[in-house]
Amino acid sequence: MGTAERRGTPGEDLGGRLTERRGPGGDRGRWETAGGRGERATERGGGQAGSAYRPLWIEEEARRRRMPDPVRTAAVRAVLIISVTLILAMVAFLCTMAETWLAFPMVLSSIAGTVVATWGALDVWVTRQVWNQRNGVVSAPSSTARALRRERRKSRRQAKSAARAQERIRRRGAAGQLSHS
């Protein structure tokens, strides 16, 4: 992301996405900006670059959050195992149709591959459940974890303010003494 994108360029709406208003016939005459409508630099004459910045691509927000790393590796492993199993099953079928000696070993290997592929799919599910249990805190207003964190923060703030007040009292007491008794 360049500096022009960070500063908020003309042609971005409040959400940071570039919106384009097309006229009848599909012409790209005007750009809609956060402050209203703006003309492109080529229409104002002279083609001044600087005021009408148009990015090469528009970043869209992800529809879903990215999977955690352990879950992603388990999913990739499962996809590879399933694809190899499907290839084994296809080769077993073709060898059976061709009546070759390789048909029986391929059928056995495709059965073993099916068992391993089932294990791989279950591994993804179990890994996801374990990750959610260890790391996934439900961030709902009724969540107990959120309430506990709020209470801990409040008690820490109170302890800090009490310590500051004690320090202030100690400093004032030492400065206001007339005798060293």
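Our subject in this report is the structure included herewith. Predicted, not measured: the structure shown is a model, and the values here were computed from it. Counting of residues starts from 1 at the beginning of each chain's written sequence and follows it residue by residue. Reporting in this predicted model follows two pLDDT cut-offs: at least 70 for local features of residues, and 80 or more for side-chain atom pairs to be given and counted; totals over whole chains, interfaces and linings ignore these cut-offs and use all residues. Computation of side-chain values: all heavy atoms of the structure, hydrogens and water removed.

With that settled, consider the overall build of the protein chain. Per the convention used, a helix needs a DSSP run of H or I reaching at least four residues, while a strand needs a run of E reaching at least two, with both numbered from the N terminus. If you tally the helices and strands in the protein chain, you get 5 helices and 3 strands. Shown N-terminal to C-terminal, the secondary structure of the protein chain runs as helices and strands in the order α-β-β-β-α-α-α-α. Relative accessibility under 20% of the residue-type maximum defines a buried residue, over 50% an exposed one, and the middle range a partly exposed one, all with a 1.4 Å probe and only protein chains included. The buried share of the protein chain, reckoned over its 181 residues, is 14%. For this analysis, residues touch if any pair of their heavy atoms sits within 4.5 Å. Counting only contacts in the protein chain whose residues sit at least 6 apart along the sequence, the fraction spanning at least 24 positions is 37%. Summed over all atoms, the accessible surface of the protein chain reaches about 15000 Å², with 58% contributed by carbon and sulfur. Throughout, the Shrake-Rupley method with a 1.4 Å probe supplies accessible areas, and for residues the shown protein chains are the sole cover considered.

Taken together, the side chains of Met 90, Phe 93, Leu 94 and Met 97 define a hydrophobic patch exposed on the protein surface, amounting to about 460 Å² of accessible area. Mapped onto the elements, Leu 94 comes out in helix α3 (residues 69-98). Residues qualify for a patch when their relative accessible area is over 30% and they have no salt bridge, like charges being joined within 9 Å and the nonpolar side chains of Val, Leu, Ile, Met, Phe, Trp and Tyr within 5 Å. By definition, a salt bridge exists where a carboxyl oxygen of Asp or Glu is found within 4 Å of a side-chain nitrogen of Lys or Arg.

So, about the environment of Arg 77. Tracing the sequence through the fold places Arg 77 in helix α3. Its relative accessible area of 37% is what places Arg 77 among the partly exposed residues. C-alpha of Arg 77 to C-alpha of Gly 120: the two residues are 43 residues apart in sequence and 7.0 Å apart in space. Sequence-distant contacts of Arg 77, defined by excluding residues within four places in its chain, comprise Trp 119 and Asp 123.

The next point concerns the environment of Leu 102. Secondary-structure assignment places Leu 102 in the loop between α3 and α4 (103-135). Each C-alpha atom of the pair Leu 102 and Ala 92 lies 7.8 Å from the other, and the pair is 10 residues apart in sequence.

In this structure the tally under the stated criterion is 4 salt bridges. In this structure, Asp 123 and Arg 77 form a salt bridge, with 2.5 Å as the shortest nitrogen-oxygen distance. Taken as a pair, Asp 123 in helix α4 and Arg 77 in helix α3 lie far apart in primary sequence, 46 residues in all. On the basis of relative accessible area, Asp 123 is assigned to the buried category, the value being 18%. The closest approach of N and O atoms between Glu 167 and Arg 171, which form a salt bridge, is 3.9 Å. With Glu 167 and Arg 171 both in helix α5 (residues 144-175) and 4 residues apart, this pair spans about one turn of that helix. What makes Glu 167 partly exposed here is its relative accessible area of 33%.

Our next topic: a positive patch on the surface. A cluster of basic residues, Arg 149, Arg 150, Arg 152, Arg 153, Lys 154, Arg 156, Arg 157, Lys 160, Arg 164, Arg 168 and Arg 172, forms a positive patch at the surface. Relative to the assigned elements, Arg 149 resides in helix α5. The positive count covers Lys and Arg only, the negative count covers Asp and Glu only, and His and the chain ends enter neither. We put the charge of a Lys on NZ, of an Arg on CZ, of an Asp on CG and of a Glu on CD.

The subject of this paragraph is the packing of α3 against α4. Angular values range over 0 to 180 degrees, each being the angle between N-to-C directions of two axes fitted as lines to C-alpha atoms, with helices fitted over their stretch in contact. Remark: α3 packs on α4, axes separated minimally by 8 Å, with the N-to-C direction vectors making an angle of 165°. Between α3 and α4, the crossing angle belongs to the class labelled roughly antiparallel. For the crossing formed where α3 meets α4, the hand is left-handed. Partitioning the contact of α3 with α4 into residue classes produces 21 nonpolar, 8 polar and 3 charged. By definition in this entry, angles of less than 35 degrees are roughly parallel, angles greater than 145 are roughly antiparallel, angles of 65 to 115 are roughly perpendicular, and the rest are oblique. With the far helix as reference, a near helix turned anticlockwise by less than a right angle produces a left-handed crossing, and one turned clockwise produces a right-handed crossing. Side-chain classes are defined by residue name, with Ala, Val, Leu, Ile, Met, Phe, Trp, Tyr, Cys and Pro counting as nonpolar, Asp, Glu, Lys and Arg as charged, and the others, Gly among them, as polar.

Let us now look at the environment of Pro 70. Along the polypeptide, Pro 70 turns up in helix α3. Residues Pro 70 and Arg 128, spaced 58 residues apart in sequence, show a C-alpha to C-alpha distance of 8.0 Å. Excluding residues that lie within four positions of it along the chain, Pro 70 makes contacts with Thr 127 and Trp 131.

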